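# Geometric and topological summary
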Amino acid sequence: AEIVHAHQMRSPASVLAALTARVRGHHAIATDHGLQGSEWGGVLPRLYDRFLTVSRYSATEIRSPPAKTRIIYGGVDPARYSPEHGAPRDGLLFVGRLTPHKGVDVLIRALPPDAALTIVGSEGHDRDLPERGYPDLLRYLATGRRVRFAGAVDDAALASEYRRAVALVLPSVERTCYGRTVAVSELLGLVALEAMASGTPVIASRVGGIPEIVEDGETGFLVAPGDVSALRQRIETLRDDRALASRMGARARDRVLARWTWAQCAQRCLAAYRELVPA
């Protein structure tokens, strides 16, 4: 291989791949996905010729050298995730693992009494108390509310959920309900892109890389993480003004088609490769 592209900068497999590439005179590239750990006193970043990061936030988080950094973002399949024109929309949607840093407890607390919420995602694998009781906490908070726990669903069912929702809500937090600080917030938010491709606006916390893809007031709304009142207000806005939600959803899909398809992500990768090995 002329280029070795590793995913995770600090994992043993990636470090071994980068060292092997260096020894053989080849190029090493890293895309990091939030793995924490040592930088070996600054030596580790020098092993890689380029850092292809999924957001500007990600580049800041791993402190990649600006001259070596290219932002490739992520992508979405706009054919799989697409709106169904004329189809009715009802309720809110959350997609993600049921772990404390996702802030689903904040969303349930912010839910207006008459609003419906579908929660798609499997339970997390937190082994420490009290975090491992988080799914039970969510069910307790949902008592008496219009909350449906759909669990993990297949791709076709997920696409359908996006099409039917008035809005996707991503209430990620920087500090969990258990008082723990979140070391790495959302690096990008692929589920936000999937919803946007489906013509569904996004209400999200202003954390991590999410503000790079969700435009406040244009393709959705951004709120301070953990702000129950602000989140409820934005939910009520889109619930009560379906014309606004429709306009935001249409703009969201346009943004995806213009910039965030997987084909465009691949082209950004190829452009970075050509900087190292010209065609």
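The following paragraphs examine the structure supplied in this document.

### Notes on the pattern of salt bridges
As enumerated under the stated definition, the model contains 18 salt bridges in all. One salt bridge in this structure joins Glu275 and Arg70, with 3.0 Å as the shortest N-O distance. Of this pair, Glu275 sits in helix α9 (residues 262-276) while Arg70 sits in strand β4 (residues 69-71); the two residues are 205 residues apart in sequence, bridging distant segments of the chain. With a relative accessible area of 40%, Glu275 lands in the partly exposed category. Assessed through its relative accessible area of 25%, Arg70 is described here as partly exposed. Arg80 is paired through a salt bridge with Asp155; the nearest N and O atoms lie 3.3 Å apart. Linking Arg80 in the loop between β4 and β5 (92-95) with Asp155 in helix α5 (residues 155-164), this pair joins segments that are 75 residues apart in sequence. In this structure Arg80 comes out as partly exposed when scored by relative accessible area, which is 40%. Overall, the relative accessible area of 42% leaves Asp155 in the partly exposed class. Each member of the salt-bridge network shares a partner with another, and the members are Glu215, Glu218, Arg251 and Arg255.

### What to know about the sheet that holds strand β8 (residues 167-170)
Pairing in this open sheet of 6 strands is parallel, and the strands run β7-β6-β5-β8-β9-β10 from one edge to the other. Every other strand in the sheet has two partners, leaving β7 (146-151) and β10 (220-223) as the edge strands with one partner each. Pairwise comparison of adjacent strand axes, ignoring direction, gives a mean angle of 20° for this sheet. With 3 bridges joining them, β8 and strand β9 (residues 202-205) adopt parallel strand pairing. The residue of β9 that forms the bridge with Leu168 is Val202.

### Remarks on the sheet that holds strand β2 (residues 27-31)
Taken together, 4 strands build an open sheet; the order of strands is β1-β2-β3-β4 and the sheet is parallel. Strand pairing shows two members of the sheet lacking a second neighbour, β1 (3-7) and β4, which therefore form its edges. Across the sheet, the mean angle separating the axes of adjacent strands is 25° when strand polarity is ignored. Bridge count between strand β3 (residues 50-53) and β4: 3 bridges; the pairing is parallel. Looking at the pairing, Leu52 lines up with Arg70 of β4.

### Remarks on unusual backbone geometry
The phi dihedral of Gln8 falls on the positive side, at around 95°, and the residue is not glycine. Position of Gln8 among the secondary structure elements: in the loop between β1 and α1 (12-24). The phi dihedral of Tyr73 is positive, around 55°, even though this residue is not glycine. As for its placement among the helices and strands, Tyr73 is situated in the loop between β4 and β5. Among the residues examined, Tyr73 registers a relative accessible area of 3% and is labelled buried.

### A look at the side chain of Thr176
Within the element layout of this structure, Thr176 appears in the loop between β8 and α6 (190-197). Thr176 has contacts with Pro100, His101 and Val182, leaving out every residue within four places of it along the chain.

### Quick look at the nonpolar core
Grouped together as the largest cluster of nonpolar side chains are 33 residues, with contacts concentrated most on Val95, Tyr162, Leu168, Leu170, Met196, Val202 and Val214. Elements supplying a minimum of two residues to this core: β5, α5, β8, α6, β9 and α8 (242-259). Among the elements that line this core, the one with the most residues is α6, at 6 residues. Leaving out residues up to four positions away in the same chain, Val214 has contacts with Ala192, Met196, Val202, Thr219, Gly220, Phe221 and Leu222. The next biggest cluster of nonpolar side chains, apart from the first, holds 30 residues, and it includes Leu111, Val173, Ile203 and Val223.

### Notes on α9
In this model α9 runs 22 Å from its N-terminal to its C-terminal C-alpha over 15 residues, within 8% of the 21 Å that 1.5 Å per residue would give. What α9 keeps buried is the set Cys265, Cys269, Ala272 and Leu276. Buried residues in α9, looked at end-on, bunch into an arc of 60°, giving them a common side. In the core, the buried residues of α9 are packed alongside β1, β2, β3 and β4.

Conventions we followed
Residues numbered from 1 in each chain as written. Predicted model: local features only at pLDDT ≥ 70, side-chain atom pairs only at ≥ 80, totals over all residues. Heavy atoms only, no water. Salt bridge = Lys/Arg side-chain N within 4 Å of Asp/Glu carboxyl O. Helix = DSSP H or I, 4+ residues; strand = E, 2+ residues; numbered from the N terminus. Buried < 20%, exposed > 50% of the residue type's maximum accessible area, 1.4 Å probe, protein only. Pairing = 2+ DSSP bridges. Axes fitted to C-alpha atoms, helices over the stretch in contact; angles between N-to-C directions. Contact = heavy atoms within 4.5 Å. Core = buried A, V, L, I, M, F, W, Y, C linked by side-chain atoms within 4.5 Å. Expected span 1.5 Å × (residues − 1). Arc of directions from axis to C-beta.

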